[in-house]
Amino acid sequence: MDSINSTDAKKSFSDVVLKVQQAPVWITRHDKPVAVVMSAKEFQDLQAIKQQALKMEIEKGLNSLKAGRVIDGEEAINQLLNTIDNA
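A short tour of the structure in this document, coming up. (Residues numbered from 1 in each chain as written. Predicted model: local features only at pLDDT ≥ 70, side-chain atom pairs only at ≥ 80, totals over all residues. Heavy atoms only, no water.)

Section: the packing of helix H3 (residues 40-66) against helix H4 (residues 73-85)
- Two elements in contact, H3 and H4, have axes whose closest approach is 9 Å; the angle formed by their N-to-C orientations is 150 degrees. As the angle between them shows, H3 and H4 are arranged roughly antiparallel. The hand of the H3/H4 crossing is right-handed. Where H3 abuts H4, its residues Lys50, Leu54 and Glu57 lie against Leu80, Thr83 and Ile84.
- Its residues placed into classes, the contact of H3 with H4 shows 3 nonpolar, 1 polar and 2 charged. (Axes fitted to C-alpha atoms, helices over the stretch in contact; angles between N-to-C directions. Helix = DSSP H or I, 4+ residues; strand = E, 2+ residues; numbered from the N terminus. Parallel < 35°, antiparallel > 145°, perpendicular 65-115°, else oblique. Left-handed = near helix turned anticlockwise from the far one by under 90°. Contact = heavy atoms within 4.5 Å. Nonpolar A, V, L, I, M, F, W, Y, C, P; charged D, E, K, R; others polar.)

Printed below as a string of structure tokens:
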């Protein structure tokens, strides 16, 4: 994945927009990544994957509830967040 510092990204934003049509671009500040710029299509695909993962987890939870398998609410939230982060 390409990387560009934030100052250069500001100066050549139109070039960054063209680059992200091929692959995401890291934006850095003081040599540390602070953001990623990606195409709208890639962002939409990522959001769809996250939404599908959330839907699957909700369905698993409902099935567990119907079967009488329940867990603490805090543990359930932590598992859900972990699943979303790893999607």
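Brief notes about H3
- For H3, with 27 residues, the first-to-last C-alpha span of 39 Å sits near the 39 Å given by 1.5 Å per residue.
- Where H3 ends, the next residue or the one after it, Gly68, has phi of about 85 degrees, a positive value. (Expected span 1.5 Å × (residues − 1).)

Describing the side chain of Thr28
- On the secondary structure map, Thr28 appears in strand S2 (residues 25-29).
- Non-local contacts of Thr28, meaning those with residues more than four positions away in its chain, are made with Ser3, Ile4, Asn5, Ser6, Pro33 and Val34.

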